[in-house]
Amino acid sequence: MAKHWVEMNDGVRLRTWQSGTAAVDKFPVVLVHGGPGLPDYLEPVATSIDDMTQVHRYDQRGTGGSRWNGLHTVARHVQDLWQLIDAWGYDRVVLVGHSYGTDLTSFFVRAHPEHVAGVVYLCGPFVGPWRDPTRTAEQARRSDSQQARLEALDALTSRTDEEEIEYLALSWFTDHADPDHAWDWAMASARALRPINWTMNAQVNADKRTDPLENTIDLLREVLPVGSSIIGGAEDPRPAASLRRLAVELGCDVTIIPGAGHHPWMERPAEFGAVLRAAVSRQVDPAR
């Protein structure tokens, strides 16, 4: 995968990768990672589809190799995504967002529908009253001692490196349905994705609350490209029922993969790959 830095209009350089081969008869795909405050982690998703078209991914500003300190807003991150697409020389792209990346994708579609040829949502966006059932499901996967330790680490004003890794692993292992691998996967992610930009996390989440997606579902439905899809995991602690309801409201397809959690390419790679490739193939073809 080729790595490049792309300069934004304020001088910030965003780290990007591209793989696959550009084709005049296929729209390119841009992957939008979750967080907010994490760097990109979607290379396994890119490699599952980059034989179909050109695939781009990037570290959002303030994360990974895209270093920046400043006030994070949804509008700034939407602007970054458009500037990347423009710098790559595209007019229209297919967006594939994961987790919070589905929120950012939705905000982008609202702002720039003319530049979006298709959308694939992975494990999101979640709207409505989904947080309480998610917390309940997460706590059910933790032992009493794990829950107590997580709360103790969360209460600290600062954490050592090892405490931060433990905190992230305790927070994230519940995303996985496979109990034999969940902890190891979470520990590997905690080590690989640090440092988390907690300031970005707080600022973006606060900004999202001023303009919640659930208040503009009708608008999103009007501008969402025909053939857009939602893919989720049946064992994601976030409720699959919420994705099914949203699919009805948006008028798009939805597939919930049995036995998969919040990162379905890890637990059900074959099933996920088949569903994703089918969704992408429907949307990268301009003649569809």
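Residues numbered from 1 in each chain as written. Predicted model: local features only at pLDDT ≥ 70, side-chain atom pairs only at ≥ 80, totals over all residues. Heavy atoms only, no water.

## Some remarks on the overall build of the protein chain
Stated precisely, the cut-off is as follows: A run of H or I in DSSP becomes a helix once it reaches four residues, and a run of E becomes a strand once it reaches two; helices and strands are each numbered from the N terminus. Restricting the calculation to C-alpha atoms gives the radius of gyration, and the globule rule supplies 2.2 Å times the number of residues raised to the power 0.38. Only the protein chains shown count as cover for residues, and all accessible areas are computed by the Shrake-Rupley method using a 1.4 Å probe. His is not counted, nor are the chain ends; Lys and Arg add positive charge and Asp and Glu add negative charge. The atom standing in for a charge is NZ when the residue is Lys, CZ when it is Arg, CG when it is Asp and CD when it is Glu.
Check the secondary structure of the protein chain and you find 12 helices and 8 strands. For the protein chain, the C-alpha radius of gyration of 18 Å lies close to 19 Å, the compact-globule estimate for 288 residues. Viewed in the frame of its principal axes, the protein chain has a C-alpha envelope of about 55 × 40 × 35 Å. Total accessible area on the protein chain stands at roughly 12600 Å², and carbon and sulfur atoms take up 49% of it. In the protein chain, 28 side chains carry a positive charge and 39 a negative one; their mean positions are 1 Å apart.

## Thoughts on the pairing of strand β2 (residues 13-19)
Note the following rule: Using a 1.4 Å probe on the protein chains alone, a residue whose accessible area is under 20% of its type maximum counts as buried, one over 50% counts as exposed, and one in between counts as partly exposed. For two strands to count as paired, DSSP must find a minimum of two bridges between them.
The buried fraction of β2 is high, at 5 of 7 residues. Pairing analysis gives 6 bridges linking strand β1 (residues 2-7) to β2, with the strands arranged antiparallel. For Glu7, the partnering residue across the bridge sits in β2 and is Arg13. Between β1 and β2, which follow one another and run antiparallel, lie 5 residues, and Gly11 among them has a positive phi close to 90°. The pairing of β2 with strand β4 (residues 55-58) spans 4 bridges and is antiparallel. Each bridged residue has a counterpart across the sheet, and for Gln18 the counterpart in β4 is His56.

## Observations concerning the sheet that holds β4
Put simply, the rule is: Helix axes are fitted only over the stretch in contact, all axes being lines through C-alpha atoms; the angle between N-to-C directions runs from 0 to 180 degrees. The contact definition used throughout considers only heavy atoms, calling two residues in contact when any of these lie within 4.5 Å.
Spatial ordering of the open sheet is given by β1-β2-β4-β3-β5-β6-β7-β8, a layout of 8 strands whose pairing is mixed. The sheet is open, and its two edges are formed by β1 and β8 (253-257), each paired on a single side. Sheet twist, expressed as the mean angle between neighbouring strand axes with direction ignored, is 20°. This element, helix α12 (residues 269-283), spans β3 (29-32), β5 (93-98), β6 (116-122), β7 (229-233) and β8 of the sheet and lies at about 165° to β6.

## Points about the packing of aromatic side chains
Quick reminder of the rule: Classification of ring pairs uses Phe, Tyr and Trp, with its six-membered ring standing for Trp, and accepts pairs whose centres are within 6.5 Å; under 30 degrees between planes counts as stacked, over 60 as edge-to-face, and the remaining range as tilted.
Tallied over the full model, the rule gives 4 aromatic pairs. Ring geometry for Phe173 against Trp183: centres 5.5 Å apart, planes inclined by 65°, an arrangement best described as edge-to-face. Of this pair, Phe173 sits in the loop between α6 (161-172) and α7 (182-193) while Trp183 is found in helix α7, placing the two residues 10 residues apart along the sequence. Judged by its relative accessible area of 9%, Phe173 is buried.

## So, the side chain of Thr105
Heads up, the rule is: Whenever a nitrogen or oxygen atom comes within 3.5 Å of another N or O atom, the pair is scored as a polar contact, on the condition that within protein one atom can donate a hydrogen and the other can accept it, and that pairs from neighbouring residues in sequence are kept only if both atoms are in side chains.
For Thr105, the location among the structural elements is in helix α3 (residues 100-111). Of note is the side chain of Thr105, whose polar atom sits 2.8 Å from the backbone oxygen of Gly101. Among all residues touching Thr105, those that are not within four sequence positions of it are Val32, Leu95, Gly97, Val119 and Tyr121.

## Observations regarding helix α5 (residues 144-155)
Applied cut-off: Expected helix span is given by 1.5 Å per residue-to-residue step, counting one fewer step than there are residues. What the arc covers is the set of directions going from the helix axis to the C-beta atoms.
With 12 residues, α5 extends 17 Å between its outermost C-alpha atoms, agreeing within 8% with the 16 Å of an ideal straight helix rising 1.5 Å per residue. Those residues of α5 that sit buried are Gln147, Leu150 and Leu153. Seen along its axis, α5 keeps its buried residues to an arc of 130°; they face one direction. Projecting away from the buried face of α5 at angles above 90 degrees are the exposed residues Asp144, Ser145 and Ala155. Where α5 is buried, its residues meet α4 (131-141) and α6.

## Here's the deal with the environment of Gln83
Structurally, Gln83 can be placed in helix α2 (residues 74-87). Through-space distance from the C-alpha of Gln83 to that of Met8 is 6.6 Å; in sequence the pair is 75 residues apart. With near-sequence residues (within four places) excluded, Gln83 lies in contact with Met8, Asn9 and Arg76.

## Thoughts on the nonpolar core
Cut-off, in case you're wondering: We define a nonpolar core as any set of buried Ala, Val, Leu, Ile, Met, Phe, Trp, Tyr and Cys residues linked to one another through side-chain atoms lying within 4.5 Å.
Counting residues in each nonpolar core, the largest one holds 41 residues, and the members touching the most others are Val30, Tyr58, Leu81 and Leu250. Among the elements of the structure, β3, α2, β5, α3, β6, α8 (198-210), α9 (217-223) and α10 (240-250) are those that each provide at least two residues to this core. Leaving out residues up to four positions away in the same chain, Leu81 has contacts with Val30, Val32, Tyr58, Leu95 and Phe108. Listed in part, the 40 residues of the second largest apolar core include Leu42, Val45, Ile165 and Leu193.

## Concerning the environment of Ser242
On the secondary structure map, Ser242 appears in helix α10. By relative accessible area, which is 2% here, Ser242 ends up buried. Remark: the alpha-carbon pair of Ser242 and Trp130, spanning 112 residues in sequence, is separated by 7.0 Å. In contact with Ser242, not counting residues within four places along its chain, are Phe126 and Val127.

## Focus on the side chain of Asp80
Relative to the elements of secondary structure, Asp80 occurs in helix α2. The exposure class of Asp80 is buried, given its relative accessible area of 1%.

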